[in-house]
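Tertiary structure, described
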Amino acid sequence: MVMRITTLLILFILSLPGFAQELLIKSRVQDRNTHQDIPGVNVFIEGGTTGTATDFAGRFSLPIRSSRRSEKLVLQHIAYETRYVAVDSAMTSRVLYLRPRLLPMQGMDIKAPGQPSSLKQDIPQTMAIIRDEAFALRGYQDAAEVLRTEQSVQMTEDLSGRKTISLRGGNADEVTVLYNGVRLNSMLDNVFDFSNIDPDAVERFEVIKGSHTALYGPGGLSGLINIQPRTRMDHRLRFQQRIGSYDSGQWGTSLYQPIGRLHPAYVFKTGASRRQFSGSDAAYALTNKITNQQASLSFDLDASSPSEEERVEALWMQSDQTYENQRDVEKLDRRMQLASVSFRGDLGPLQALTFSGAMSSDHERQVFYIDYASLHRELDNNSAQARVEKSWMLRDLEVTAAYLYEQHRLQWQDAGLASWQQDVESRRQQQGAIAVAKFHAATGSGFMPYVDFDVSLRHDRVQDERSSETAATTPGRTWSATPLNFGLQGEGRKDDVMLSWHLNYGQDRKSVV
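Counting starts from 1 at the beginning of each chain's written sequence and moves along it residue by residue. Predicted model: local features are reported for residues with pLDDT of at least 70 only, side-chain atom pairs are reported and counted for 80 or more only, and whole-chain, interface and lining totals are derived from all residues. Calculated side-chain values reflect all of the structure's heavy atoms, with hydrogen atoms and water omitted.

Here we take up the sheet that holds strand 11 (residues 175-179). An order of 8-13-14-11-12 is seen for the five strands of this open sheet, with the pairing classed as mixed. Every other strand in the sheet has two partners, leaving strand 8 (126-131) and strand 12 (182-183) as the edge strands with one partner each. A pair of strands is labelled paired if DSSP reports no fewer than 2 bridges between them. Only DSSP runs of H or I reaching four residues or more are called helices, and only runs of E reaching two or more are called strands; each is numbered from the N terminus. As judged from the six bridges shared by strand 13 (residues 202-209) and strand 14 (residues 223-229), these two strands associate in the antiparallel manner. The residue of strand 14 that forms the bridge with Ile208 is Leu224.

Attention now moves to the sheet that holds strand 6 (residues 80-86). The strand order across the open sheet formed by four strands is 3-2-5-6, and the pairing between neighbours is antiparallel. Both outer strands of the open sheet, strand 3 (51-53) and strand 6, are each paired with one neighbouring strand and no more. Across the sheet, the axes of successive neighbouring strands diverge by a mean angle of 20 degrees, strand direction being ignored. With five bridges joining them, strand 5 (residues 72-77) and strand 6 adopt antiparallel strand pairing. Bridging across to strand 6, Leu73 finds its partner in Val85. Every angle, taken between N-to-C directions, lies between 0 and 180 degrees, and every axis is a line fitted to C-alpha atoms, over only the stretch in contact when it is a helix.

The residue Ser152 is not glycine, and still its phi comes out positive at about 70 degrees. Within the secondary structure layout, Ser152 lies in the loop between helix 3 (143-147) and strand 9 (153-157). For Arg168, which is not glycine, the phi dihedral falls at a positive 55 degrees. With respect to the helices and strands, Arg168 occurs in the loop between strand 10 (163-167) and strand 11.

What follows deals with the side chain of Lys390. Tracing the backbone through its elements, the reader meets Lys390 in strand 22 (residues 373-394). Within 3.5 Å is the distance limit for a polar contact, defined as a pair of N or O atoms, with the added protein rule that one can donate a hydrogen and the other accept it, and that residues adjacent in sequence qualify only through two side-chain atoms. At 2.7 Å, the side chain of Lys390 forms a polar contact with the backbone oxygen of Gln351. The contact partners of Lys390, leaving out residues within four places of it in the chain, are Leu350, Gln351, Ala352, Leu353, Val399, Thr400 and Ala401. The contact criterion used throughout is that any non-hydrogen atoms of two residues lie within 4.5 Å.

Two side chains carrying opposite charge are able to pair once their charged atoms lie near each other. A side-chain nitrogen of Lys or Arg and a carboxyl oxygen of Asp or Glu constitute a salt bridge if their distance falls within 4 Å. One pass over the full model with this rule turns up 34 salt bridges. Two residues, Glu203 and Arg204, come together in a salt bridge whose shortest N-O distance is 2.9 Å. The buried category is assigned to Arg204, whose relative accessible area is 13%. Put simply, Arg327 and Asp281 hold a salt bridge, and the shortest N to O gap is 3.5 Å. Pair noted here: Arg327 is in the loop between strand 19 (311-325) and strand 20 (330-347) and Asp281 is in the loop between strand 17 (262-276) and strand 18 (285-300), with a separation of 46 residues, a long-range link. Three labels apply to residues, based on accessible area from a 1.4 Å probe with only protein chains included: buried if under 20% of the type maximum, exposed if over 50%, partly exposed otherwise in between.

Structurally, the position occupied by Arg335 is in strand 20. By relative accessible area, Arg335 is classed as partly exposed at 40%. Sequence-distant contacts of Arg335, defined by excluding residues within four places in its chain, comprise Gln318, Ser319, Asp320, Ser361, Asp362 and His363. A distance of 2.5 Å separates a polar atom in the side chain of Arg335 from a polar atom in the side chain of Asp320.

The next thing to look at is a nonpolar patch on the surface. Residues enter patches when they are more than 30% accessible in relative terms and free of salt bridges; like-charged ones are connected within 9 Å and nonpolar ones (Val, Leu, Ile, Met, Phe, Trp, Tyr) within 5 Å. The protein chains shown are the only cover counted for residues, whose accessible areas, like all others here, come from Shrake-Rupley with a 1.4 Å probe. Residues Phe439, Phe453, Leu457, Leu484, Phe486, Leu488, Leu499, Trp501, Leu503 and Tyr505 make up a contiguous nonpolar surface patch of about 920 Å² in total accessible area. Contributing elements (two or more residues each) for the nonpolar patch: strand 25 (450-468), strand 27 (484-494) and strand 28 (497-505). Among the elements that line the nonpolar patch, the one with the most residues is strand 28, at four residues. Within the fold, Phe439 resides in strand 24 (residues 422-442).

In structure tokens:
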């Protein structure tokens, strides 16, 4: 009798809400058409009072009581049709798909204060964005191979594996290259070697085809390429191994583990190739090896609504390359490093403020033969950059102001030939003040309700100095310019017809050392 009462008491206690067994629904929400992850989807039990939302990678985790197993799970997003899924089915589904919703409605203008600093704050340009969905796990060796898939992009590769990019039939030294907003162009020839960039550490490539960019300085006569690194991932651990022709292979790993509002990430990749000469030179080979590393640490300032608009971020990147031509007795060792820190958000009464600082170094050691004698060359390219940017929204007027400071130093040393002995040092100091205004004007038209009138003004001051131990010191040279650019842009939509256009007028200038 006592045993029966005890058993009934235990069953009664376990049936209480606090002791009810919990189930955990874990899944991912994606677009039915594009299979892209959907962040910000509301997930809850129909008729319930608790729920959750998908993260930036479309993932969610929702604990429920076992008594609600027979009920419906609701997936709700403003841009998609609401979906009802049986809890049993949701627990066994790795991916849940939503159908995009088309809403016919009158045109409206939506303004958001404190918009993040981006290339879209510049005057209108033809811009292409290559997102990681287009190249992730596709076998691309470096950033150059990804960018060459975009029309109007041309890639040039030499025997050492160095890869440069040109736009719209221009020259490689007419393209400004940024990594997370930090300029990477070499002071030696104003180009950048894209083989240094691992595409697995990149979130997207932004390609601007035009010379009227004001926010990122002069020199981009053909255009600008901004490489946005990946600091948030949709996985905790990933390992990959690739094998290809020319005795080539790569292996790499990536780690990501968020801790509250802190998001640390690390990406590593190394690879090598060996190409054999033919004919009488078959005993010789070309060998290349490259190792890339990237570590990032980001912190969300707003715990309730994490976004790129309010974030502190630190980034470190390093690329090591070696090249050897056994036939021509050529060797190259190169190390490129970049360290940056950035702040985006509100600072006291100042809203939509962006600050960034960065230091980069590029050390290269070359060995080659001239007139049957060995020449050893060392190149050191170092730079320090700082940038402050602020935006204001005043009714139909958006104003962005920025200040940029850059300091570069190039050291060139040759040794091995008496006639080629030289030690040259070049220094450059550059300052820029920029203002961009965008006026959002209503037209009253149902087809094209708004037209933007944009104007940008930029003043640059560049000071160059050069010294040499074997030649007379070159006097310092100061160069300045104040280009003014105008732009018009508009968008219209009616039924199945959409029109997007822009018109720019202005000038740009380029200064070389």
